[in-house]
Amino acid sequence: MQPGTGWDEAHIASEVVARKVERILRDASVDGGRGLGAVINETLYHERVRLQGAPDDERTRADGAFHARVRRDLPHATPARQRALVREIVARYVGEITGHFDPRVYRFATRVLPYALSGLMQGFSPSALLGELRGASHLDEHLLLEGEVEGLQGVAALGTVILAPTHSSNLDSLLIGYAIYRMKLPPLLYGAGLNLFSNPLTSFFMHNLGAYTVDRRKADPLYRETLKEYATVALEGGRHNLFFPGGTRSRSGEIESRAKLGLLGAGLAAYRHSLLRGSAARVFVVPCTISYPLVLEAASLVRSFLQETGRSAYVVVEDESSRAQRWVDFLRGIAALDLRVHVRIGRALDPFGDEVDAQGGSLDPRGRPIDPRRYLLRDGAVTEDPARDAEYTRALGRRLVESWRRDSVALPTSALAFALMDVLRRDLAQPDLYRLLRAIGADTPVDTARVEAAVDRLLAELQALERAGGIQLGDGLRATDGRDVVDRGLRGLGAYHATPVVERRGAQLVVLDADLLFFYRNRLEGYGLLGAPRLCPAAGPR
Amino acid sequence: MIAVLGAGNWGTTLADLIASNGHAVRLWTRAPAQRDEVNARRTNEAAVPGLRIAEGVSATSDLGEAVRGAELVVMVIPSRGFREVSSALGEVLAPEQAVLHATKGLERESNARMSEVLLAETCARQIGVLSGPNLAAEIARRKPAGTVVASRFPHVIELARRALSCPRMMVFAGDDVLGVELAGALKNVVAIAAGAATEMDIGENAKALLVTRGLAEVTRLAVTMGANPLTLAGLAGIGDLMVTCASPRSRNHRVGAALARGERLPDILAGLGMVAEGVYAAVAARDLARAHRVEAPLLDGVYRVLYEGTGCEQALRELMTLPAGRDVARFQSAS
């Protein structure tokens with residue numbers, strides 16, 4: 001925690017309420033403001049819509065009772081009473097967001113986590129795990145921590161850090177929690193979706209791993225602004241944060257090609273507030289990639305992706321990450337196959353997207369030192385300008401995406417999937433993705449030798465790309481050949497998923513799950529490899 | 001205080017316009033003789049013959065002196081020298097300073113846009129582009145005109161308006177920096193085709209056909225690269241194309257006319273004595289169209305006439321015998 005910002009949790013929560021309420025009162029009272037009644041009515045409207053679809057449980061009933069009372073009071077409310085109602089609404093949101101957080105349990109959970117994950121790899125049942133803390137840590141062998149680890153440790157001592165990883169799996173936050181522990185960094189605050197609280201295994205950690213609650217079903221703009229304000233104040237209070245700027249897990253398997261800017265802007269807001277308070281506190285954004293040889297919930301992610309993008313007859317099954325047993329199977333699979341997950345730390349950035357040096361000093365694109373505070377100056381003073389600051393945050397998002405692409409670690413499962421998909425694409429010559437996937441679904445064996453030759457070409461391109469700093473290669477892709485990569489890829493893709501993705505039959509390879517093949521090949525999408533056109537439909541508008 | 005970097009005909013004209021609006025202007029030029037001429041005699045005969053430069057303009061050859069303390073830096077440097085000047089600018093620029101560039105070209109080899117060069121070489125973030133139908137010679141003679149300033153930063157547009165806007169200059173705003181930059185660079189290729197068509201005397205119908213189809217190709221390419229289609233219908237697109245294609249004064253137009261007379265490119269450029277951005281933009285247009293898999297037969301034809309010895313007559317014949325597809329893309333009404 002940085003000097004001069006020893007805010008405790010209660011102070012952070014009350015500061016969030018105070019700022020948010022003040023902002024609402026100011027916006028509502030200016031000329032052309034819509035008035036407090038309209039603000040309250042908007043909340044009531046969005047919350048009523050949400051509650052209509054919500055399960056009939058204790059939480060829903062309590063929210064319903066609260067809204068009924070507000071609705072009853074509103075028509076007769078004096079201006080003072082309206083202000084009180086606004087404060088109640090905001091305080092209720094803040095209480096809900098921070099409700100699970102307890103620093104003591106937090107520290108405990110951080111210690112327990114590595115044993116728990118290692119234990120799972122060795123085959124303990126989750127229920128036994130939560131009771132016992134035995135088991136040597138095998139996790140270290142399967143989680144490789146690479147890149148600018150010292151750089152991250154350095155900036156974490158100089159200021160507040162936002163760690164910004166790629167997002168592929170609900171396992172990400174747990175692995176990052178463990179990586180942070182191994183780097184001997186103080187814990188991270190993390191906004192976890194309510195859905196993560198539904199699986200008993202993850203729920204235990206989510207409740208306690210510094211997670212505050214994010215309810216994605218709440219469409220009330222006031223709720224979303226309150227969330228952002230909470231992240232901002234927590235950063236100002238010196239709490240390191242974990243953001244997944246991609247928003248949700250990558251459904252296609254591709255590395256995120258854009259960052260969502262809402263929460264990301266909290267870093268710049270926190271930095272600006274600190275400057276305006278006369279504090280020299282700094283904020284750093286550290287990109288990070290998590291590269292999995294296999295993805296726990298790949299099957300449900302890709303099916304949901306294909307359903308969203310195409311006019312296909314895909315039906316989304318229940319997300320496998322909601323079942324505890326799935327996590328156990330996955331971790332055991334990783335251990336049994338001796339696979340490695342790469343967590344790679346990128347170079348630290350300032351809130352404007354400039355790289356910083358070991359002393360935390362910002363650098364321009366040519367490595368010249370600059371004072372980032374000056375980006376906020378107008379006529380010599382630090383100012384707030386939402387349009388300007390949104391552009392700075394957009395630039396930060398672009399730099400994150402570039403860093404993710406450079407620091408992504410290519411692994412044999414994706415290399416095999418990419419090369420095989422390219423051979424099939426050329427053979428089948430289908431005009432669009434959905435027909436291609438259906439055509440692969442039919443029985444279309446491919447000579448293994450052809451795939452090995454394609455992997456050889458891919459390896460040459462990947463190695464050249466790595467030399468140019470455009471990607472990282474895992475050990476399984478260095479000093480090797482197509483035959484070896486196909487073997488390793490088949491071991492991974494053949495083992496964990498319910499149906500093997502690809503199978504060897506004599507001298508041929510047969511694809512049994514074209515969707516998953518597509519998912520794993522997408523990790524190498526966008527690098528222009530093998531001269532292949534983009535198969536994965538690009539993300540929607542910014 | 002406003003800095004104008006580059007004392008060619010457009011840079012000098014802009015400096016004069018800004019100073020006429022009551023602002024102090026520092027005009028940077030590499031050449032000491034030019035600097036002294038501006039300061040001592042209030043003229044820059046080589047660049048803008050006959051112009052009496054407003055008193056508010058003071059010329060300097062020291063980039064740091066020009067830039068330090070300026071709230072807006074206006075870059076008017078040809079694309080070929082843009083990176084070098086940007087790199088030097090990076091040594092003296094502060095993060096809070098806004099940069100507006102008025103260069104209608106793309107960098108050779110990299111095909112980078114000028115705003116991309118600025119982002120790569122300096123700490124500048126608050127960047128904008130100035131473009132439109134602006135023949136410097138007319139503006140220097142105080143004739144009325146309009147221009148467009150595009151930036152993602154409203155503050156940059158505000159600064160540019162404060163500097164440029166007056167009863168003889170309307171400044172329109174936009175946020176499509178990429179679209180304005182591509183329109184400004186690529187329309188020069190179409191202007192070369194228009195110049196050739198004028199010289200070949202193939203008639204006004206054919207000339208309108210060439211220019212319109214050329215704009216359609218530029219639009220297709222720019223939109224594929226992320227531009228707003230309507231930007232190409234604005235001042236930086238159609239507006240600029242109208243002036244470059246209609247006016248025999250335009251450099252690119254003159255290049256086209258000379259090609260149609262059968263002159264060779266090196267001789268044409270030597271005779272011109274100035275930069276014709278379209279000659280380089282033709283290379284960029286061909287590269288970009290290939291990279292983005294966009295069909296652009298007219299832009300490609302200009303390239304072949306410039307660099308592969310294809311005759312204008314033959315290029316025209318090839319264009320006229322291509323299958324004609326849809327005129328414009330299908331429109332989906334909002335209602």
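Worth saying up front: this structure is predicted, and the values here are computed from it rather than measured.

**Describing the overall build of chain A**
- The secondary structure content of chain A amounts to 20 helices and 16 strands.
- A buried classification covers 57% of the 542 residues belonging to chain A.
- When contacts within chain A are restricted to residue pairs at least 6 apart in sequence, long-range pairs at least 24 apart make up 73% of them.

**Some words on the overall build of chain B**
- Counting its secondary structure elements, chain B contains 15 helices and eight strands.
- Whereas a compact globule of 335 residues would reach a radius of gyration of roughly 20 Å, chain B reaches 20 Å, a difference of no more than 12%.
- In terms of principal-axis extent, the alpha carbons of chain B reach across some 55 × 50 × 35 Å.
- Here chain B holds 335 residues, and the buried ones make up 57% of them.
- Look at the contacts in chain B between residues 6 or more apart in sequence, and 72% of them connect residues 24 or more apart.
- Carbon and sulfur atoms provide 54% of the accessible area of chain B, an area that totals close to 14,200 Å².
- Where the 36 positive side-chain charges of chain B centre and where its 35 negative ones centre are 2 Å apart.

**Some details on the sheet that holds strand β6 (residues 127-131) of chain B**
Residues and elements named next belong to chain B.
- Taken in spatial order, the eight strands make up an open sheet running β3-β2-β1-β4-β5-β6-β7-β8, and their pairing is mixed. This sheet does not close on itself; its edge strands, each paired only once, are β3 (57-60) and β8 (169-174). Across this sheet, the average inter-strand angle for adjacent strands is 25 degrees, counted without regard to direction.
- The strands that helix α4 (residues 79-92) touches are β1 (2-5), β2 (25-28), β4 (72-75) and β5 (98-101); relative to β4, the one it contacts most, it runs at about 160 degrees.
- Relative to strand β7 (residues 145-151), helix α10 (residues 235-246) is tilted by about 150 degrees, and along the sheet it contacts β6, β7 and β8.

**Description of the packing of helix α2 (residues 36-52) of chain A against helix α4 (residues 79-98) of chain A**
All names here are of chain A.
- The geometry of α2 relative to α4 is characterised by a closest axis approach of 9 Å and an angle of 40 degrees between their N-to-C directions. Note that α2 runs across α4; the crossing there is left-handed. Across the interface between the two elements, Leu-36, Gly-37, Ile-40, Thr-43 and Glu-47 from α2 touch Gln-82, Arg-83, Leu-85, Val-86, Ile-89 and Tyr-93 from α4.
- Class assignment for the residues of the contact of α2 with α4 results in six nonpolar, three polar and two charged.

**A short note on the packing of aromatic side chains**
- Tallied over the entire structure, the rule returns 13 aromatic pairs over all chains.
- With 6.1 Å between their ring centres and 85 degrees between their planes, A:Tyr271 and A:Phe352 make a pair best called edge-to-face. Placement of the pair is A:Tyr271 in helix α12 (residues 261-276) and A:Phe352 in the loop between β7 (341-345) and β8 (362-363), with a sequence separation of 81 residues. Each member of the pair, A:Tyr271 as well as A:Phe352, is classed as buried.
- In textbook terms, an aromatic cluster arises when at least three aromatic residues are bridged by ring pairs, as seen for A:Tyr271, A:Phe352, A:Tyr375, A:Tyr392 and B:Phe153.
- One Lys or Arg, A:Arg405, reaches over the ring of A:Tyr527 and ends 4.6 Å from the middle of that ring.
- A cation over an aromatic ring shows up here: B:Arg286 above the ring of B:Tyr303, its NZ or CZ 3.9 Å from the ring centre.

**Concerning the nonpolar core**
- In this structure, A:Phe518 and B:Leu5 are the most contacted members of the largest nonpolar core, which totals 216 residues.
- Of all hydrophobic cores here, the second largest spans 54 residues; its members include B:Ala150, B:Leu215, B:Val255 and B:Leu299.

**Quick word on the side chain of B:Thr13**
- Summarising the element assignment, B:Thr13 is placed in helix α1 (residues 9-20).
- Within the structure, the side chain of B:Thr13 is placed 2.5 Å from the backbone oxygen of B:Asn9, a separation counted as a polar contact.

**Digging into the pattern of salt bridges**
- Summed over all chains, the structure comprises 65 salt bridges over all chains.
- For the salt bridge of A:Asp515 with A:Arg303, the shortest nitrogen-to-oxygen distance reads 3.5 Å. Highlighted residues: A:Asp515 in helix α20 (residues 514-521) and A:Arg303 in helix α13 (residues 298-309), separated in sequence by 212 residues.
- Judged by relative accessible area, which is 7%, A:Asp515 ranks as buried.
- Here B:Glu181 makes a salt bridge to B:Arg113, at a shortest N to O gap of 2.8 Å. Taken together, the positions of B:Glu181 in helix α8 (residues 177-200) and B:Arg113 in the loop between β5 and α5 (114-121) put the pair 68 residues apart, joining distant regions of the chain.
- With a relative accessible area of 13%, B:Arg113 lands in the buried category.

**Structural notes on the domain arrangement of chain A**
All names here are of chain A.
- Domain parsing of chain A yields domain 1 (9-98), domain 2 (103-294 + 322-407) and domain 3 (409-531).
- On the domain 2 side, the residues contacting the 21 residues of domain 1 number 25 residues.
- Together, the buried faces of domain 1 and domain 2 total about 2,100 Å²; carbon and sulfur atoms form 64% of this surface.
- Viewed at the interface, domain 2 and domain 1 are joined by seven salt bridges.
- A salt bridge links Arg-23 to Glu-384, with the shortest nitrogen-to-oxygen separation between them at 3.8 Å.
- The tally of links between domain 1 and domain 2 comes to eight residue pairs in polar contact (both at pLDDT 80 or more).
- Elements represented by at least two residues in the side of domain 1 that touches domain 2 include exactly α1 (9-29), α2 and α4.
- The leading source of residues in the side of domain 1 that touches domain 2 is α1, at eight residues.

**What about the packing of helix α17 (residues 433-441) of chain A against α20(A)?**
All names here are of chain A.
- Look at α17 against α20: their axes get within 8 Å of each other, and the N-to-C directions meet at 125 degrees. The orientation of α17 with respect to α20, classified from their angle, is oblique. Residue-level contacts link Leu-433, Leu-437, Ile-440 and Gly-441 of α17 to Ala-514, Asp-515 and Phe-518 of α20.
- Residues belonging to the contact of α17 with α20 are distributed by class as follows: five nonpolar, one polar and one charged.

**Thoughts on the sheet that holds β7(A)**
Residue and element names in this part refer to chain A.
- Taken together, seven strands build an open sheet; the order of strands is β1-β7-β6-β2-β5-β3-β4 and the sheet is mixed. The open sheet has two edge strands, β1 (143-147) and β4 (211-214), and neither has a second partner.
- Bridge count between β1 and β7: five bridges; the pairing is parallel. Residue pairing for β7: Gly-147 is matched across the bridge by Ile-345.

Criteria and cut-off values
- Residues numbered from 1 in each chain as written.
- Chains lettered and ligands numbered in written order.
- Predicted model: local features only at pLDDT ≥ 70, side-chain atom pairs only at ≥ 80, totals over all residues.
- Heavy atoms only, no water.
- Helix = DSSP H or I, 4+ residues; strand = E, 2+ residues; numbered from the N terminus.
- Buried < 20%, exposed > 50% of the residue type's maximum accessible area, 1.4 Å probe, protein only.
- Contact = heavy atoms within 4.5 Å.
- Rg over C-alpha atoms; globule rule 2.2 N^0.38 Å.
- Areas by Shrake-Rupley, 256 points an atom, 1.4 Å probe, with all protein chains shown as cover.
- Lys, Arg positive; Asp, Glu negative; His and termini not counted.
- Charge placed at Lys NZ, Arg CZ, Asp CG, Glu CD.
- Pairing = 2+ DSSP bridges.
- Axes fitted to C-alpha atoms, helices over the stretch in contact; angles between N-to-C directions.
- Left-handed = near helix turned anticlockwise from the far one by under 90°.
- Nonpolar A, V, L, I, M, F, W, Y, C, P; charged D, E, K, R; others polar.
- Phe/Tyr/Trp six-rings, centres within 6.5 Å; stacked < 30°, edge-to-face > 60°.
- Lys NZ or Arg CZ within 6 Å of the ring centre and 35° of its normal.
- Core = buried A, V, L, I, M, F, W, Y, C linked by side-chain atoms within 4.5 Å.
- Polar contact = N/O pair within 3.5 Å; in protein donor to acceptor, adjacent residues only side chain to side chain.
- Salt bridge = Lys/Arg side-chain N within 4 Å of Asp/Glu carboxyl O.
- Domains from an automatic or database assignment.
- Buried area = accessible area lost by both parts, 1.4 Å probe.
- Parallel < 35°, antiparallel > 145°, perpendicular 65-115°, else oblique.

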